[in-house]
Amino acid sequence: MKNKREKTKMNNPIYVTQPSLPELKEFIPYLEKIWRNKRLTNNGPFHQQLEKELAGFLGVPYVSLFTNGTLALVTALQVMRITGEVITTPYSFVATTHSLWWNNIKPLFVDIESEFGNLDPEKIEAAITPKTTAILPVHVYGNPCKANHIQQIADIYGLKVIYDAAHCFGIKHLGQGICNFGDLSILSFHATKVFNTMEGGAIVCHDENTKKRIDYLKNFGFAGETTVMAPGINSKMNEMQAALGLVQLKHYGENISKRKAIAETYRKELQAIKGIRVIPEPEQTDSNYAYFPIFINKKEYGISRNQLYEMLKQNNIFCRRYFYPLISEFPMYKGLESAKPNNLPIATKMAKEVICLPLFSELSIDDVLRIVQCIKNYNKLL
Ligand SMILES: *Cc1c(COP(=O)(O)O)cnc(C)c1O
């Protein structure tokens, strides 16, 4: 009996992520307050409190809360009046480029650098056209872009910079909150992210006037009872989401230290395996350990990324291939000149080699070691 139970435990399915939630009883008093005061949305008290607390926590001047990260991105482009063509990365989640599509903007895909997988500033200038108005980079996996170099190019050519910082909650880089780079940054608080409000997101900006404009745009463009300043959208966060955010924030520290222990175990155990590349730890950065991507060199490791992915699945370990396929491979974008694989050789290679290993705060170190053993001994398991 005992053996059987142990065996089942060994074979528990492990998924790439599992959302963090506080104890329900901690959340109930917040719900009671909402039911009592009947403020459900429209910049209610929890919404205001979470905006203030997050600004302090993230080390940024202003936060505007959104119902999700994608609408934050779509709205951010409207805030800056971005039009024409925008330089962006193909190595991200589809929402990055979809936000351009929803604004009738043409994406110009530029290749990434091979160390972290972020937009390569060396390749940006060659892609700029007279219609280019902005750069939309992603700090992919939470590893900081070369923000100073990107800003230098933006300043010379008069471009805006909007960061998709969906992976970057809580990250500090070069002594400050990572969302201080660029003109605007957007965050996602989706269930799968390190900090979640079930669904949710935010725009970070640097000055009060921009904050006002963002808040008008996320509420139909209303700047007063009878004034509509733009064809705004409805992308406000509601009070339940904001209340959950306040509770989640209290547990953020514990969550990140558990994630850190997991990431350090993976790094230690996997670094020496031939044919497996682990991304280096970026300099002067406090990470949030959101993802643990590894890159498989088939020749050196012995089997391909897809074979490893399937083998892990057979062993009840469900990884994800973030980011494969590249955004530029999807049918609505693949006809673009800049989407051609020969324009994007490094992104194409990384998308073919990447696999993201399970990483969430409740994942036990035993399970981490079980995953590591599968990767080390794949030839015995195939
Ligand atoms: C999650 C994610 C988004 C979208 O956020 P949602 O809150 O799910 O809408 C955008 N960009 C990137 C890079 C993401 O990972």
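Whatever comes next refers back to the structure up there.
Residues numbered from 1 in each chain as written. Predicted model: local features only at pLDDT ≥ 70, side-chain atom pairs only at ≥ 80, totals over all residues. Heavy atoms only, no water.

Chemist: Looking at this model, I keep getting lost on the overall build of the protein chain. Mind explaining?
Modeler: Secondary structure assignment for the protein chain yields 13 helices and 15 strands. The C-alpha atoms of the protein chain give a radius of gyration of 22 Å, which matches the 21 Å a tight globule of 382 residues would have. Seen through its principal axes, the protein chain has C-alpha atoms that stretch 70 × 55 × 40 Å. Put simply, of all contacts in the protein chain between residues at least 6 apart along the chain, 71% involve residues at least 24 apart. Looking at the protein chain as shown, the accessible area adds up to about 18,100 Å², and 53% of this sits on carbon and sulfur atoms. Looking at charge distribution, the protein chain has the averaged site of its 45 positive side-chain charges lying 6 Å from that of its 36 negative ones. (Helix = DSSP H or I, 4+ residues; strand = E, 2+ residues; numbered from the N terminus. Rg over C-alpha atoms; globule rule 2.2 N^0.38 Å. Contact = heavy atoms within 4.5 Å. Areas by Shrake-Rupley, 256 points an atom, 1.4 Å probe, with all protein chains shown as cover. Lys, Arg positive; Asp, Glu negative; His and termini not counted. Charge placed at Lys NZ, Arg CZ, Asp CG, Glu CD.)

Chemist: Is there a simple way to think about the sheet that holds strand β7 (residues 172-173) in this case?
Modeler: The strands that make up a sheet pair up through hydrogen bonds in the backbone, lying either parallel or antiparallel. Strand order across the open sheet formed by three strands is β8-β7-β12, with antiparallel pairing between neighbours. The sheet terminates laterally at β8 (176-177) and β12 (285-286), the two strands that pair on one side only. The pairing of β7 with β12 spans two bridges and is classified as antiparallel. What sits directly across from His 173, in β12, is Thr 285. (Pairing = 2+ DSSP bridges.)

Chemist: What is the right way to read the nonpolar core from this model?
Modeler: A general feature of soluble globular proteins is that nonpolar side chains tend to end up buried together. Counting 103 residues, the largest nonpolar core has Leu 54, Tyr 91, Tyr 141, Tyr 266, Leu 270, Ile 294 and Ile 375 as its most contacted members. The element best represented in this core is helix α8 (residues 239-270), accounting for 12 residues. Formed jointly, this core draws a minimum of three residues from each of two domains, domain 1 (2-15 + 252-380) and domain 2 (24-111 + 118-250). Residues within four places of Tyr 91 in sequence aside, it is in contact with Ile 112, Gly 117, Val 140, Tyr 141, Phe 295, Tyr 322, Phe 323, Leu 326, Ala 347, Met 350, Ala 351 and Val 354. Ala 76, Leu 77, Ile 162 and Cys 205 belong to the second largest nonpolar core, which has 21 residues in total. (Core = buried A, V, L, I, M, F, W, Y, C linked by side-chain atoms within 4.5 Å. Buried < 20%, exposed > 50% of the residue type's maximum accessible area, 1.4 Å probe, protein only. Domains from an automatic or database assignment.)

Chemist: Would you mind going over helix α10 (residues 305-314) with me for this structure?
Modeler: Residues three or four positions apart in an α-helix share a direction because the helix packs 3.6 residues into each turn. Those residues of α10 lying buried are Arg 305, Leu 308, Tyr 309, Met 311 and Leu 312. Viewed end-on, α10 has its buried residues packed into an arc of 165°, placing them on one side of the element. (Arc of directions from axis to C-beta.)

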